Every structure is written in structure tokens, then in C-alpha cells.
Amino acid sequence: MSAATPLQFTIKPNANPLAEDARIKAFENLGFGTLFSDHMAVIHWNVDKGWHSAEITARGPFAIDPAAAVLHYAQEIFEGMKAYRTAEGRVVLFRPEENARRFNESAKRMAMPEIPQEMFLDAIDRLVKTDSKWIPEGEGSLYLRPFMFATEAFLGVRPARDYVFCVIASPVGPYFKGGAKAVKIWVSENYTRAAPGGTGAAKCGGNYAASLIAQSEAVSHGCDQVAFLDAAEHKWVEELGGMNVFFVMEDGSLVTPPLAGTILPGITRNSLISLMKDQGMSIYERPYSFEEWQVDAKSGKLKEAFACGTAAVVAGIGEVKFTGGNFQIGTGETGPVTTKIREQLVNIQRGKSNDPHGWVRGIDGI
């Protein structure tokens with residue numbers, strides 16, 4: 001099937017959806033990624049057929065062969081995005097075309113088939129429409145997880161010839177407990193996330209699997225997240241376990257590590273850079289060393305630091321720990337620049353303020 005030919009989705013309603021009273025009860029204490037909606041979108045790909053067999057069906061387990069390539073060679077990619085319910089009752093997505101673009105960049109890096117943007121967005125829209133009652137009111141959102149994995153049963157080392165693309169949905173609250181409270185960061189000096197020529201810029205499961213031991217180390221030191229240094233010199237700050245990072249200097253400028261193949265090109269990161277440039281702020285995408293981070297924090301040259309990503313949106317960094325000690329950033333609390341830029345982005349995402357870049361896309365029919 002050609003990319004220009006739209007797929008017809010078969011709709012198979014869940015015969016046993018979660019009871020309404022149970023869903024409402026679950027919404028009273030939303031965590032992150034632990035509760036899931038009733039349905040999922042599924043599309044298959046085969047080297048001969050291309051994309052085919054699209055459906056919205058009951059969320060449930062996949063039956064895959066023990067020799068499926070994903071289990072042996074980790075051909076798997078994913079995205080993260082959110083659907084929001086505005087105060088007027090509209091349901092909107094934030095820059096979903098960018099998620100589709102990045103998904104295909106990851107697919108190319110992992111030798112997997114690209115999915116046409118229209119098909120990607122159609123799957124998202126249909127699932128959100130089907131499970132629209134799962135979108136929380138207020139500060140919550142419906143987290144959407146598009147992903148693709150290799151299903152061909154074959155133990156030879158080559159790209160698979162069969163894949164499944166799927167989208168699942170999870171109603172979520174804040175990623176970090178404590179709301180706007182600044183988070184603590186552990187700097188990993190023993191583990192690296194990615195190396196030049198590797199898969200650092202792809203959103204593939206292997207990158208996250210490799211980061212889990214460092215994240216566990218962070219938690220054992222009382223921290224919320226881990227920050228990685230570069231693989232070559234163990235000197236330059238790159239990104240957190242699942243987020244990009246910004247540094248707010250005393251002159252009002254911001255510094256963020258450059259995209260050079262080892263850092264995931266965050267959609268939130270890109271959006272914040274655009275918003276801050278709109279306001280005349282100076283943004284420097286340049287290498288920033290861990291030593292510089294320490295010196296600037298202690299001298300007061302560094303006023304704030306924050307992490308950003310789809311799940312957490314924007315989170316202030318208050319304290320940094322490492323093997324040799326720790327240091328505080330600014331007052332140790334979420335600073336005014338971080339607070340302002342977070343509010344601006346969230347207000348755009350939720351339709352509370354003007355959308356100068358046309359980033360918010362409504363879903364018709366809800």
C-alpha cells in the first residue's frame with residue numbers, strides 16, 4: 001500500500017471496558033503511566049504488504065513468537081505526547097507532527113519502516129476519540145505512547161521484515177511528585193547514555209534500558225533524576241535520563257547542550273527555545289562542562305537550571321549531587337525564569353493563551 005493511500009481502520013469496541021465508577025475513582029489519585037485506557041490502535045507492516053490491518057481494538061497483550069526480533073535485537077522505538085482537555089472542553093494535541101517526524105527519524109536509525117505522517121496522526125486521533133472519556137479534567141492529561149517493534153521470528157542478524165505499530169493511552173498527573181518543587185539531580189560519572197555514532201538521538205528502548213542503572217544510583221542518593229556526561233571525555237553535560245536541560249545565567253541568557261547526535265532532540269526543548277527567542281532572550285546551544293556547572297553555581301553566575309520533556313514539561317533543578325559532594329543552584333527552589341517559561345508553555349498547550357506558532361492542533365469530532 002502506498003503512503004498516499006489512507007488505511008481504513010476497523011473499530012472493535014472493548015467488550016469489557018473499565019466500569020465508569022472505577023475509572024472515576026482511579027482519577028482521584030493519578031500517578032504516571034500506571035493506569036491505561038480501554039483501547040489501543042494497532043497497524044501491521046510487512047516487507048511485501050507494507051502498512052496494513054489497521055484497527056482500534058481492546059487494549060490487551062500481544063502474542064509474539066519467542067524468536068521475535070524485538071526480543072533478541074531490540075528493534076523498538078517509541079514516542080511520548082499528550083492530549084489535553086481545554087477549559088472550553090476542546091481536546092487538543094501539542095505539535096503532534098513533530099512527534100511523527102521524530103518517530104520516523106528514530107525508525108531510520110533503527111533500520112525500521114517509516115510510517116506516513118497522516119497514518120501516524122490518524123491512529124492518534126482515532127484512539128483519542130474512542131477513549132475521550134479517559135482525558136482528565138484540570139491539570140491532568142492523557143499521555144499517548146506510540147511505539148513500534150519487530151515481530152518477525154528470525155534469529156539472523158538483519159532488519160526484521162515484520163513490525164507492529166501501536167498506540168496506547170494513559171491518563172496521568174504530574175511526573176514528579178510535589179508539583180513545582182525543585183528536583184534533585186545525581187550526576188553519573190560512571191555510566192554514559194550515548195556515544196557519537198550511536199543511538200542517542202533516537203527514541204529507542206535500548207537507550208533507556210542502559211540508563212536505568214544510573215537512575216537507580218540516583219535514587220539511592222536521594223535524587224529524582226540522573227544527569228549524564230559525554231562518553232568521550234566524561235566532561236560535558238549532555239541530558240538527563242529522559243529530559244533535556246537548560247541553565248539560566250545571571251545576565252538573563254540561557255545555555256543548553258547542543259544537539260550533536262548523542263542527545264534526543266526534545267520537542268519541549270525546541271518549543272522553549274522558540275518561546276524564549278520570541279521574548280528576545282539569548283539562547284546559547286553550546287557545550288557546558290560539569291566543572292563549569294559547579295563553578296557557576298557556587299559563584300552565583302548560574303541563577304537557575306531546569307529540565308524539560310513531554311512527561312515533566314518543565315521542572316526546576318534545586319540541588320546537584322555527585323561522588324565528590326553536592327551544590328545548590330540559586331535558592332534551591334524553582335526560580336522565576338523557570339516558573340514563567342513553564343506557565344507560558346503550559347498555557348499554550350492547554351489553550352489558555354495565544355498560540356503564535358500554531359502548535360496546538362484540535363481533534364475534530366470530540
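Our structure's up above, just so we're on the same page.
Remember, it's a predicted structure, so these values are computed and weren't measured experimentally. (Residues numbered from 1 in each chain as written. Predicted model: local features only at pLDDT ≥ 70, side-chain atom pairs only at ≥ 80, totals over all residues. Heavy atoms only, no water.)

Caption draft 1: Looking closely at the overall build of the chain. From N to C terminus, the chain includes 8 helices and 18 strands. Relative to the 2.2 N^0.38 estimate, which gives 21 Å for 366 residues, the radius of gyration of the chain is 21 Å and therefore close to what a compact globule would have. For the chain, the spread of C-alpha atoms along the three principal axes comes to 60 × 50 × 35 Å. In the chain, buried positions account for 52% of the 366 residues. As displayed, the chain offers around 16,200 Å² of accessible surface, 51% of which is attributable to carbon and sulfur atoms. With 37 positive and 42 negative side-chain charges, the chain shows a separation of 2 Å between the mean positions of the two kinds. (Helix = DSSP H or I, 4+ residues; strand = E, 2+ residues; numbered from the N terminus. Rg over C-alpha atoms; globule rule 2.2 N^0.38 Å. Buried < 20%, exposed > 50% of the residue type's maximum accessible area, 1.4 Å probe, protein only. Areas by Shrake-Rupley, 256 points an atom, 1.4 Å probe, with all protein chains shown as cover. Lys, Arg positive; Asp, Glu negative; His and termini not counted. Charge placed at Lys NZ, Arg CZ, Asp CG, Glu CD.)

Caption draft 2: How the structure looks around the nonpolar core. Formed by 44 residues in total, the largest nonpolar core has its most connected members in Ile 43, Trp 51, Phe 120, Leu 144, Met 148 and Phe 165. Only strand E2 (39-46), strand E3 (50-58), strand E5 (81-85), strand E6 (91-94), helix H3 (96-109), helix H4 (117-130), strand E7 (141-150) and strand E8 (162-172) provide two or more residues apiece to this core. In contact with Met 148, not counting residues within four places along its chain, are Trp 51, Gln 75, Glu 76, Ile 77, Phe 103, Ala 107, Met 112, Pro 113, Tyr 163, Val 164 and Phe 165. In terms of nonpolar packing, the next biggest core, distinct from the first, is built from 27 residues, Leu 240, Tyr 288, Ala 315 and Val 320 among them. (Core = buried A, V, L, I, M, F, W, Y, C linked by side-chain atoms within 4.5 Å. Contact = heavy atoms within 4.5 Å.)

Caption draft 3: Geometry of unusual backbone geometry. The phi angle at Ala 74 is positive, at roughly 55°, despite the residue not being glycine. Inspection of the secondary structure puts Ala 74 in the loop between helix H2 (69-73) and strand E4 (76-78). Here the phi dihedral of Val 313 falls at roughly 65°; this positive angle occurs in a residue that is not glycine. Considering the arrangement of structural elements, one finds Val 313 in strand E16 (residues 313-322). Relative accessible area serves as the criterion here: at 7%, Val 313 is assigned to the buried category.

Caption draft 4: Seen up close, the side chain of Asp 38. Within the element layout of this structure, Asp 38 appears in the loop between helix H1 (20-26) and E2. Buried within the structure, Asp 38 lacks any salt-bridge partner; Lys 133 is the closest side chain of opposite charge, at an N-O distance of 4.3 Å. Looking at Asp 38, its side chain comes within polar contact range of the side chain of Trp 134, at 3.1 Å. Beyond its immediate sequence surroundings of up to four residues, Asp 38 is in contact with Asn 14, Pro 17, Leu 18, Thr 57, Ala 58, Arg 59, Asp 131, Lys 133 and Trp 134. (Salt bridge = Lys/Arg side-chain N within 4 Å of Asp/Glu carboxyl O. Polar contact = N/O pair within 3.5 Å; in protein donor to acceptor, adjacent residues only side chain to side chain.)

Caption draft 5: Looking closely at the packing of aromatic side chains. Within the structure shown, the criterion is met by 19 aromatic pairs. Judged by centre distance (5.3 Å) and plane angle (70°), the rings of Phe 62 and Phe 149 are edge-to-face. Of this pair, Phe 62 sits in the loop between E3 and H2 while Phe 149 sits in strand E7, placing them 87 residues apart in sequence. The partly exposed category is assigned to Phe 62, whose relative accessible area is 33%. Look at Phe 149 and you get buried, because its relative accessible area is 7%. A ring pair is formed by Phe 322 and Phe 327, whose centres lie 6.2 Å apart and whose planes are at 55°; its orientation type is tilted. Taken individually, Phe 322 and Phe 327 each receive the classification buried, so the pair is uniform in this respect. Lying over the aromatic face of Phe 27, Arg 23 brings its terminal NZ or CZ to 5.1 Å of the ring centre. (Phe/Tyr/Trp six-rings, centres within 6.5 Å; stacked < 30°, edge-to-face > 60°. Lys NZ or Arg CZ within 6 Å of the ring centre and 35° of its normal.)

Caption draft 6: View of the environment of Leu 155. With respect to the helices and strands, Leu 155 occurs in the loop between E7 and E8. The spacing of Leu 155 and Tyr 73 is 82 residues in sequence and 8.8 Å in space, taken between C-alpha atoms. Beyond its immediate sequence surroundings of up to four residues, Leu 155 is in contact with Ala 67, His 72 and Tyr 73.

Caption draft 7: Quick peek at helix H7 (residues 290-299). Every buried residue of H7 is listed here: Phe 290, Trp 293, Gln 294, Asp 296 and Ala 297. Phi for Gly 300, located one or two positions after H7, is positive at around 95°.

Caption draft 8: Representation of the side chain of Asn 46 within the structure. Mapped onto the secondary structure, Asn 46 falls in strand E2. A polar side-chain atom of Asn 46 sits 2.6 Å from a polar atom in the side chain of Asp 162. The residues contacting Asn 46, other than those within four sequence positions of it, are His 52, Arg 161 and Asp 162.

Caption draft 9: Quick peek at the packing of H3 against H4. Interaxial distance between H3 and H4 falls to 9 Å at its minimum, and their mutual angle equals 125°. Considering their axes alone, H3 and H4 lie oblique with respect to each other. The handedness of the crossing between H3 and H4 is right-handed. Across from Pro 96, Glu 97, Asn 99, Ala 100 and Phe 103 in H3, the residues of H4 making contact are Gln 117, Phe 120 and Leu 121. Split into classes, the residues belonging to the contact of H3 with H4 amount to 5 nonpolar, 2 polar and 1 charged. (Axes fitted to C-alpha atoms, helices over the stretch in contact; angles between N-to-C directions. Parallel < 35°, antiparallel > 145°, perpendicular 65-115°, else oblique. Left-handed = near helix turned anticlockwise from the far one by under 90°. Nonpolar A, V, L, I, M, F, W, Y, C, P; charged D, E, K, R; others polar.)

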